[in-house]
Amino acid sequence: MNYRTQCLVIGAGHAGVEAALASARMGVDTALFTICLDAVGNMPCNPSVGGSAKGHLVFEIDALGGEMGRCADKATIQSRTLNLGRGSAVHAKRVQADRNRYKEEMKRTVESCRGLRLIQSEVTELLTEERDGEIFAVGIKTSLGEVWSAECVIIATGTYLESEIFVGDKVFSAGPDGMLAARGLSASLSSLGVSIRRFKTGTPARVHRRSIDFSVLEEQSGENAPVPFSADTQDYSDTRVNRVSCHVVYTNENTHKVITDNLSRSAMYSGNITGAGPRYCPSIETKLVRFADKERHQLFVEPCGENTDEMYIQGFSTSMPTDVQHEMMRTLPGFENAEIMRYAYAIEYDSVDPTELLPTLEFKRISGLFGAGQFNGTSGYEEAAAQGLIAGINAALKIKKEEPLVLSRDSSYIGTLIDDLVTKGTDEPYRMMTSRSEYRLLLRQDNADLRLTPIGYRIGLIDEERYARFLEKREAEDREERRINTTTVAPSAEVNEFLVARGSSPIKTGVKLSELLSRPELDYEALAEIDSARPVLPYAVTLNVGVRIKYSGYIKRELAEAERQRRLDEKKLPPDIDYGKISGLRLEAAEKLARIRPASLGQASRISGVNPADISVLLIYLSSASR
């Protein structure tokens, strides 16, 4: 039997649910396929959301109208802001989430979304048609023989595609959490000329709470006055949010001896695993090999939820056999009687070369086919959700025959993530980090709404009520910034006593509040003591205003650089350009440009192997071609 929809999404993990919800909410009839309904929004690894750079992505997803932030807020059992001892650009929210509650909330959201059908079925084949020499994705076929036609197809298969589990010398076909692996689709894509690669990731063991002696562990409590991910979240008080404590433990000499003595038994070092693993989230074996001189490694003991006794041991990922897992676990202080509930494993899976994609996440050679998440070579829930949101938006816009959405690097970490993938590619699971952005002061998590909410409103993912609240907040920020820039503080004994007490120089003449705020030793909250006219404002408003004024000089420099880069991005490159015939272009540059086919001069400038001299040659070529 044949069925029809407009947009079809394969996979209901973090990428797939965002893609399907965005498409359906934009008025496009959408179908979301998953191997198992119990895996919708699943967290097969760490039950947490956010973290360094990842928290920025979640705020941006919410600002555009995505779902991850709202769902994470509902499932939060502890909230912390990382990097508070460093500059505002790298402050990052991270929450410990109740894993089951997150899945339940996300599944309920998907099920209740108008225009979205959720279907348990395995997709085994992509259907295409050739028209006038161009290939179009037109639907899929399932393992049960059903055929679905669609105008756009989004692949968000996560780590399920031809996946294999490794525990020591044991290798078997399975997806994460004992789910079925997805079979057949890789072969279908390969037959269409799509480049398929093997990547690897892993997860640590889960330990029963009762078997851990928490009295010898270092406790980590939640923060005071936490700020939610989503602008739609109302109740986010300390008592509701910070329900649990996390703990820290360290490996030791005995732990390292067990691991090194059994290194040949690890699937990572036995030769069984061929896929590239994540550089920034390695197994404990890899840590010991890579950092042989390090005496200990920090591990985090984190609850998987309020209604389960499973404890996640972050940083202890391994592919050792089960007997070694028991032995190494019991060398940790407080874990002498540890009961393992789920064994650690490594998982290998198929992914695609992301340089085959346009910045919209549509395949260059297959019209209407989009990729998102770990299928595109990334690692992490947040990176997956960000791509899923953009893929869903652009599939819907394509179906509605509207201009696509491409976020620039200076607009968002989402734009940086996608630009890195489609321009530079990746040889290992890609992880977002603040160091990947050249515009960190512009892309703070506190101003994600200012950067992206107008876009979410324009495409229909932000409703009128929320947009009105956004406009009100933006006006409050602008009003307070004007007040601080124009308010003068007169010298007085009280003022100077305040300044000296904080290690700041006293003043002899009147100075603007903004000048005082720019001093490193002073901040917005502290200045309240000498700012008698300060209005009562929400913390989200004062946080953004304080950062904008304190770092205004640096922000102006980044804005100037962003404008320079934007001018390059506005210079479009013809899609059919023959780089091999451009005089003066180096051979390496010509080959890279011909393979990646950058959409603009700006994108070309970010390709590895293309230098400034090559860009100058392209500028001259574009000038002569336009005459």
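To start, this report covers the structure provided alongside it. Computed from a predicted model, the values in this text were never measured in an experiment. (Residues numbered from 1 in each chain as written. Predicted model: local features only at pLDDT ≥ 70, side-chain atom pairs only at ≥ 80, totals over all residues. Heavy atoms only, no water.)

Digging into the state of the cysteines
When the sulfur atoms of two cysteines share a covalent bond, that bond is a disulfide. This structure, assessed with the given rule, holds zero disulfides. Considering cysteine sulfurs only, Cys-304 is the nearest to Cys-246, which forms no disulfide, with 10 Å between them. The class for Cys-246 is buried, based on a relative accessible area of 2%. Note on Cys-304: no disulfide assigned, nearest cysteine sulfur contributed by Cys-45 at a separation of 10.0 Å. Cys-304 sits in the buried class, given a relative accessible area of 6%. (Disulfide = S-S within 2.5 Å. Buried < 20%, exposed > 50% of the residue type's maximum accessible area, 1.4 Å probe, protein only.)

What to know about helix H7 (residues 253–261)
Note on helix geometry: an α-helix contains 3.6 residues per turn, so any two residues three or four positions apart are oriented the same way. For H7, the full list of buried residues reads Thr-255, His-256, Val-258 and Ile-259. Mapping the buried residues of H7 onto a view down its axis gives an arc of 160°, with all of them on the same face. The exposed residues of H7 that point more than 90 degrees off its buried face are Glu-253, Asn-254, Lys-257 and Asp-261. If you follow the buried residues of H7, they end up packed against helix H9 (284–290) and helix H10 (322–329). Two or three places before Asn-254, at the start of H7, stands the capping residue Asn-252, its side-chain oxygen 2.9 Å from that residue's backbone nitrogen. (Helix = DSSP H or I, 4+ residues; strand = E, 2+ residues; numbered from the N terminus. Arc of directions from axis to C-beta. Contact = heavy atoms within 4.5 Å. Polar contact = N/O pair within 3.5 Å; in protein donor to acceptor, adjacent residues only side chain to side chain.)

Observations regarding the pattern of salt bridges
The tally for this structure, following the rule as stated, stands at 59 salt bridges. Arg-94 is the salt-bridge partner of Glu-302, the closest N and O atoms lying 3.0 Å from each other. Of the two residues, Glu-302 sits in strand E18 (residues 298–303) while Arg-94 sits in strand E6 (residues 92–97), which places them 208 residues apart along the sequence. Like Arg-94, Glu-302 is buried. Within this structure, Arg-25, Asp-62, Glu-67, Arg-70, Asp-232, Arg-466 and Arg-469 form a network of salt bridges that share partners. (Salt bridge = Lys/Arg side-chain N within 4 Å of Asp/Glu carboxyl O.)

Remarks on the packing of aromatic side chains
Under the counting rule described, the total for this entry stands at six aromatic pairs. Each ring, one from Phe-33 and one from Trp-148, has its centre 5.3 Å from the other, and the planes form 85°; the classification is edge-to-face. Taken together, the positions of Phe-33 in strand E3 (residues 30–34) and Trp-148 in strand E10 (residues 147–149) put the pair 115 residues apart, joining distant regions of the chain. Judged by relative accessible area, Phe-33 falls into the buried class, the value being 1%. With a centroid separation of 3.8 Å and 0° between ring planes, the pair formed by Tyr-457 and Tyr-467 is classed as stacked. Of this pair, Tyr-457 sits in helix H13 (residues 448–459) while Tyr-467 sits in helix H14 (residues 464–486), and the two are 10 residues apart along the sequence. Of the residues examined, Tyr-457 reaches a relative accessible area of 28% and is grouped as partly exposed. Exposure remark for Tyr-467: the relative accessible area of 15% places this residue in the buried category. Ring-pair connections join several aromatic residues into one group, and the members of that group are Tyr-3, Phe-33 and Trp-148. (Phe/Tyr/Trp six-rings, centres within 6.5 Å; stacked < 30°, edge-to-face > 60°.)

Some thoughts on the sheet that holds strand E15 (residues 206–208)
As summarised here, the arrangement of the six strands in space is E16-E17-E18-E19-E15-E20, forming an open sheet in which the pairing is antiparallel. A strand with exactly one partner marks an edge of an open sheet, and here the two such strands are strand E16 (218–220) and strand E20 (340–342). In this sheet, neighbouring strand axes are inclined to one another by 35° on average, regardless of whether the strands run parallel or antiparallel. In terms of strand pairing, E15 meets strand E19 (residues 310–314) through three bridges, oriented antiparallel. The residue of E19 that forms the bridge with His-208 is Glu-310. (Pairing = 2+ DSSP bridges. Axes fitted to C-alpha atoms, helices over the stretch in contact; angles between N-to-C directions.)

Thoughts on the packing of helix H1 (residues 14–25) against helix H4 (residues 99–111)
In contact at an axis separation of 10 Å, H1 and H4 are set at 30° when each is read in the N-to-C sense. When the interaxial angle is binned, H1 and H4 end up roughly parallel. Two packed elements cross with a definite hand, and for H1 against H4 that hand is left-handed. Contacts between H1 and H4 involve His-14, Val-17, Leu-21 and Arg-25 from the former and Tyr-102, Met-106, Thr-109 and Val-110 from the latter. Residue composition of the contact of H1 with H4, grouped by class: five nonpolar, two polar and one charged. (Parallel < 35°, antiparallel > 145°, perpendicular 65-115°, else oblique. Left-handed = near helix turned anticlockwise from the far one by under 90°. Nonpolar A, V, L, I, M, F, W, Y, C, P; charged D, E, K, R; others polar.)

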